[in-house]
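# Residue-level structural notes
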Amino acid sequence: MNLKDIETPALILDLDLMEKNIRKMSDYFRPRKAKLRPHIKNHKTPIIALKEIEAGAVGVAVAKLEEAEVMAYSGVRDILIMNQIVTEQKIERLLGLSKHADVVVAVDNVENVAKLSSMAGTHGVKLGVVIEVDIGHHRAGVHPGSEALALAQKIISAGNLKFRGLGGYQGHVSLIVDPQERKIEDAKACEKLVSTKDLIEEKGISVEVVSAGGTGTYDYTGNYRGITEVQAGSYVTMDVAYRNCGINFDCALSILSTVSSVPSEDRAILDSGLKSVSTDQGFPEIKGVEGIEVEKLSAEHMHLKLIGTNHTCLKLGDKVEVYPSDTDTTVNLHSQFYGVRDGEVEVVWPILARGKSR
Amino acid sequence: MQYAVETQTELRTPVEKIDTPALVANIDQVERNLRDMQDFANSYGKKLRPHSKTHKNPVLAKKQIEFGAVGVCTQKVSEAEVLVQNGVKNVLISNEIIGLTKLRKFAELARKATMALCVDSVEGIEQLRQVSNESGQELSCLIDVDVGMHRCGVTPQEAAKLAKLASSRGILVKGIHGYEGHVGHHPVSEWESLVKESMRIAADAKGAIEKEGITVEDVVAGGTPTAKITGKYDVVTMITPGEYIYYDYGHVEAGTCRMVDVALSVYCTVMSKPTEDRAVIDGGIKTFDFDQQEFPRLRNQEIKAKLISFSEEHGVLRLEDESARSQIRIGDKLEFVPYHICTCVNMHNFVHLERNGRIEEILPTLGRGMVR
């Protein structure tokens with residue numbers, strides 16, 4: 001099927017560009033000490049995760065237990081849940097899963113450590129954990145330094161947990177537009193994590209994993225002394241927000257849309273609205289057509305303003321592609337990817353972890 | 001299979017034990033909201049055709065019809081397919097549908113249910129005619145009139161021309177669609193006068209079409225914010241509110257409903273409390289959406305805690321007084337009222353229906369992701 005015959009709105013993945021992005025990222029990490037652990041929040045699709053692993057990634061990072069389940073039951077072995085699992089109901093599920101995959105979970109609290117350990121004991125499981133350290137994002141995580149050390153000691157004495165190392169996410173840095181400033185801020189964040197590692201190791205505790213970073217900082221974090229893993233995710237499909245920060249990957253993902261109304265000569269409406277393309281990082285961009293401004297989005301409509309003199313550039317029924325500002329939240333709106341090569345649909349991939357927010 | 005697993009583990013669970021994030025609708029409040037809007041429509045002699053965009057759920061669409069609605073609206077052909085396949089018999093696609101593939105699906109649906117869609121262009125009508133000829137069916141449309149929203153839709157004069165063209169092509173013109181969706185985005189004090197202007201345009205369009213000798217059976221308008229204003233106009237025969245089934249905090253803020261009228265909550269769990277005054281919940285943009293750049297609110301407004309930032313899967317709560325700082329602990333479940341209900345529901349695979357504190361039913365949101 002030709003690209004232009006796909007019914008719209010549809011999530012289009014340019015397979016050549018996606019493969020190029022995967023190659024480029026794996027080429028970057030191949031000679032380095034730090035390895036790639038892609039975060040699957042971006043694509044939520046096992047086949048893409050498996051391609052990243054085939055290219056050299058050590059495993060995946062996920063935000064949710066249900067995402068970990070989808071990945072594990074599709075053949076991914078090494079999974080870091082970069083989040084806290086605190087309720088007994090979820091801990092039960094986590095421990096069950098840990099018998100079928102190498103799962104590591106992030107902790108930032110003493111009582112949670114005690115609960116995980118006692119339940120792991122009941123299940124006869126030795127559960128791997130990393131300590132989440134707040135490296136400046138001020139979301140979850142313990143303070144760097146002595147607070148992390150104290151928690152590491154608790155983990156070791158808890159009995160049924162295996163202390164694997166540290167994780168942090170400099171989400172406050174990834175979208176800083178100026179690369180110089182981004183590099184400086186990234187170094188500050190990484191240093192908080194690595195100095196914590198040093199402190200813990202001084203006490204004779206081995207810190208095997210130091211995991212951090214994202215697409216916005218992959219090269220800075222990946223080169224930082226002591227970092228062992230980088231959790232870049234969005235690079236695979238890439239988006240406008242990261243492109244505007246000068247991150248050098250190709251935008252492989254677009255939303256194929258149809259002009260559904262041309263109410264006046266300077267306005268046009270597309271059939272892709274907020275339920276087809278997210279706006280949390282700003283409005284989408286129209287691919288390859290000049291003189292079009294996105295004015296606003298309603299739930300199922302995108303309002304376009306046709307600027308300049310060329311009012312006839314869009315006709316009713318025309319198909320256009322739209323680049324999302326944020327691919328993570330856009331992919332999550334859809335049920336499938338259309339994988340396209342040279343303008344022809346090669347595969348249709350279900351987005352198996354879509355809506356898996358538990 | 002996934003549905004079976006969910007129902008097995010969570011049916012009859014007390015709501016405070018539910019795994020999170022979870023969409024939970026209080027079924028008694030849903031029924032009160034449906035009754036209230038139906039009573040309004042009945043008292044003014046109007047037809048109610050709720051918009052299913054809010055719940056995207058055939059079971060709830062059928063419930064609305066049981067309460068007296070004539071049918072429902074959708075925005076997309078694929079949403080309409082889900083409804084018709086699951087037993088809904090009357091669907092208006094309150095949107096322009098362009099492209100023969102989609103229109104053929106629409107014609108297929110028209111064999112099984114009473115269907116209509118909106119048109120606002122010559123091309124749209126010609127495509128509909130082609131499909132009507134191919135399938136040997138009479139297809140129905142509403143002429144979409146721009147009553148001030150400036151999205152789709154035509155002027156009253158253009159509406160008359162399109163109605164005439166459609167009739168001459170064998171398309172049944174059922175009336176006009178004049179959605180005043182812009183009004184809700186203005187200050188409440190302006191709503192009455194803006195609706196008045198919109199309904200004047202709708203009346204002009206009706207008059208212009210009738211001058212061509214075409215009967216305008218229905219004048220369709222009225223979203224949730226203004227349904228009870230628009231629905232009082234004589235010219236209007238049918239209102240199409242959607243959000244009223246659940247409402248949301250945006251409506252509380254605008255005064256269209258009270259907090260107790262909001263029938264849906266999102267339950268989240270506190271999964272981290274890194275400092276005394278900061279707690280982190282397991283819901284963010286992928287749980288609530290953030291299209292209005294407004295955070296959801298705690299259902300219990302006595303707890304002085306406010307969401308101050310979202311990532312995809314995290315929400316950061318600032319604990320604003322001593323009692324919130326000591327009360328809110330890791331593992332606690334908190335009940336939030338979404339700011340914008342339609343995009344929030346669309347994030348989830350299921351809605352849990354709760355009655356008297358227990359999960360009574362778990363419905364898959366079958367229209368989720370149906371954007372075609």
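With that settled, consider the overall build of chain A. Tallying secondary structure elements over chain A gives 10 helices and 17 strands in all. Against the 2.2 N^0.38 benchmark of 21 Å for 358 residues, chain A shows a C-alpha radius of gyration of 22 Å, consistent with a compact globule. The principal-axis extent of the C-alpha atoms belonging to chain A is close to 70 × 40 × 35 Å. A buried classification covers 61% of the 358 residues belonging to chain A.

Attention now moves to the sheet that holds strand β5 (residues 102–107) of chain A. Residue and element names in this part refer to chain A. In spatial order, the strands read β2-β9-β8-β7-β6-β5-β4-β3; together these 8 strands make up an open sheet with parallel pairing. Edge positions in the sheet fall to β2 (35–36) and β3 (60–62), since each has one partner strand and no second. Relative to strand β4 (residues 78–81), β3 runs parallel, the two sharing 3 bridges. Its bridge partner being in β4, V62 is matched across the sheet by I81. Those strands touched by helix α3 (residues 65–72) are β3 and β4, and its axis lies near 175 degrees from that of β4.

Residue and element names in this part refer to chain A. It is the contact of α3 with helix α4 (residues 88–98), at a shortest axis distance of 11 Å, that shows an interaxial angle of 20 degrees. By the criterion of interaxial angle, the relationship of α3 to α4 is roughly parallel. In this structure, the crossing between α3 and α4 has a hand that is left-handed. In this structure, α3 contributes L65, E66, A68, E69 and A72 to the contact, and α4 contributes K90, R93, L94 and L97.

Before going further, it helps to spend a moment on the sheet that holds strand β4 (residues 90–96) of chain B. All names here are of chain B. Spatially, β2-β9-β8-β7-β6-β5-β4-β3 is the arrangement adopted by the 8 strands of the open sheet, whose pairing is parallel. In this open sheet, the two edge strands, each paired with only one partner strand, are β2 (47–48) and β3 (72–74). Pairing of strand β8 (residues 218–221) with strand β9 (residues 238–239) involves 2 bridges; the strand directions are parallel. Bridge pairing in β9 links A221 to I239. Sheet contacts for helix α7 (residues 156–168): β6 (140–144) and β7 (172–177); angle to β6, the most-contacted strand, approximately 165 degrees.

All names here are of chain A. Between helix α6 (residues 146–158) and helix α7 (residues 179–202), the least distance of the axes is 9 Å, while the angle of their chain directions is 45 degrees. Between α6 and α7, the angle is such that the two are oblique. Note that α6 runs across α7; the crossing there is right-handed. Counting all contacts with α6, which are made through S146, A148, L149 and A152, the residues of α7 involved are T196, L199 and I200. Looking at the contact of α6 with α7 residue by residue, the class counts come to 5 nonpolar, 2 polar and no charged.

Pairing is possible between side chains that carry opposite charge, provided their charged atoms lie close to one another. According to the stated counting rule, one finds 52 salt bridges over all chains in the structure shown. Between E69(A) and R93(A) there is a salt bridge, with the nearest N and O atoms lying 2.8 Å from each other. On the criterion of sequence distance, the pair formed by E69(A) in helix α3 and R93(A) in helix α4 is long-range, its members being 24 residues apart. Given a relative accessible area of 11%, E69(A) falls into the buried group. Among the residues examined, R93(A) registers a relative accessible area of 31% and is labelled partly exposed. R104(B) is paired through a salt bridge with E134(B); the nearest N and O atoms lie 2.8 Å apart. Taken as a pair, R104(B) in helix α5 (residues 100–112) and E134(B) in helix α6 (residues 122–135) lie far apart in primary sequence, 30 residues in all. Residue classification places E134(B) among the partly exposed residues on the basis of a relative accessible area of 44%. Put simply, E66(A), E69(A), K90(A), R93(A), D19(B) and D282(B) are held in one network by salt bridges that share partners.

This next bit is on unusual backbone geometry. Cis peptide bonds are those with omega within 30 degrees of zero, and the linkage from T8(A) to P9(A) qualifies with -10 degrees. With respect to the element layout, P9(A) can be found in the segment before β1 (10–14). With an omega of -10 degrees, the peptide bond running from T20(B) to P21(B) counts as cis. If you trace the backbone, P21(B) turns up in the loop between α1 (2–10) and β1 (22–26).

Counting residues in each nonpolar core, the largest one holds 105 residues, and the members touching the most others are I143(B) and Y246(B). The greatest single-element share of this core, amounting to 8 residues, is contributed by helix α8 (residues 191–211) of chain B. Core analysis: the next-biggest nonpolar cluster, separate from the first, contains 97 residues, I135(A), L166(A), V259(A) and L306(A) among them.

Time to look at the pairing of strand β16 (residues 336–341) of chain A. Residues and elements named next belong to chain A. In this sheet, β16 lies alongside β1 in parallel orientation, the contact comprising 4 bridges. In the sheet register, L11 faces β16, and the bridge partner there is F337. Direction of pairing for β16 relative to strand β17 (residues 344–350): antiparallel, over a ladder of 6 bridges. The partner of V340 across the bridge, within β17, is V345.

Residues and elements named next belong to chain A. Taken domain by domain, chain A consists of domain 1 (3–10 + 248–350) and domain 2 (15–242). Computed from C-alpha coordinates alone, the two centres of domain 1 and domain 2 are separated by 33 Å. Tallying the contact residues gives 25 residues for domain 1 and 27 residues for domain 2. Here domain 1 meets domain 2 over a buried area of about 2,300 Å², counting both sides, of which 59% is carbon and sulfur. Where domain 1 meets domain 2, there are 4 salt bridges. As a salt-bridge pair, D250 and K20 come within 2.9 Å of each other at their nearest N and O atoms. The tally of links from domain 1 across to domain 2 stands at 14 residue pairs in polar contact (both at pLDDT 80 or more). Taken together, the elements giving at least two residues each to the side of domain 1 that touches domain 2 come down to α10 (327–331), β16 and β17. A class-by-class count of the residues in the side of domain 1 that touches domain 2 yields 12 nonpolar, 6 polar and 7 charged.

What follows is about the interface of chain A and chain B. Contact residues are listed per partner, giving 59 residues for chain A and 62 residues for chain B. With both sides pooled, the region where chain A packs onto chain B buries about 4,900 Å², and carbon together with sulfur makes up 45% of that total. Linking chain A with chain B are 10 salt bridges, by the criterion used here. Between D282(B) and K90(A) there is a salt bridge, and its shortest N-O distance comes to 4.0 Å.

The rules behind these values
Throughout this description, residue numbers start from 1 for each chain and increase along the sequence as written. The order in which chains are written sets their letters, starting at A; the order in which ligands are written sets their numbers, starting at 1. Predicted model: local features are reported for residues with pLDDT of at least 70 only, side-chain atom pairs are reported and counted for 80 or more only, and whole-chain, interface and lining totals are derived from all residues. Only hydrogens and water are set aside when side-chain values are computed; all heavy atoms of the structure are taken into account. Helical segments are the DSSP runs of H or I of at least four residues, strand segments are the runs of E of at least two, and each set is numbered from the N terminus. The globule rule is 2.2 Å times the number of residues to the power 0.38, and the radius of gyration it is compared with is taken over C-alpha atoms. Only protein chains enter the accessibility calculation, which uses a 1.4 Å probe; a residue is then buried when its area is under 20% of its type maximum, exposed when over 50%, and partly exposed in between. DSSP calls a pair of strands paired once it identifies at least 2 bridges connecting them. Contact between two residues is taken to exist if any of their heavy atoms lie within 4.5 Å; hydrogens are not considered. Working convention: axes come from line fits to C-alpha atoms, limited for helices to the stretch in contact. Angles between N-to-C directions cover 0 to 180 degrees. Here the word oblique covers every angle except those under 35 degrees (roughly parallel), over 145 (roughly antiparallel) and from 65 to 115 (roughly perpendicular). We call a crossing left-handed when the near helix sits turned anticlockwise from the far one by less than a right angle, and right-handed when that turn is clockwise. When residues are grouped by polarity, Ala, Val, Leu, Ile, Met, Phe, Trp, Tyr, Cys and Pro land in nonpolar, Asp, Glu, Lys and Arg in charged, and all others, Gly among them, in polar. Any Lys or Arg side-chain nitrogen located within 4 Å of an Asp or Glu carboxyl oxygen qualifies as a salt bridge. Buried residues of nine kinds, namely Ala, Val, Leu, Ile, Met, Phe, Trp, Tyr and Cys, make up a nonpolar core once their side-chain atoms join them within 4.5 Å. These domain limits were set by an automatic method or by a database of domain assignments. The term buried area denotes the loss of accessible surface (1.4 Å probe radius) that occurs when two parts are joined, taken as the sum for both partners. Residues adjacent in sequence count toward polar contacts only when both atoms are side-chain atoms; beyond that, a polar contact is any pair of N or O atoms within 3.5 Å, and within protein one must be able to donate a hydrogen and the other to accept it.

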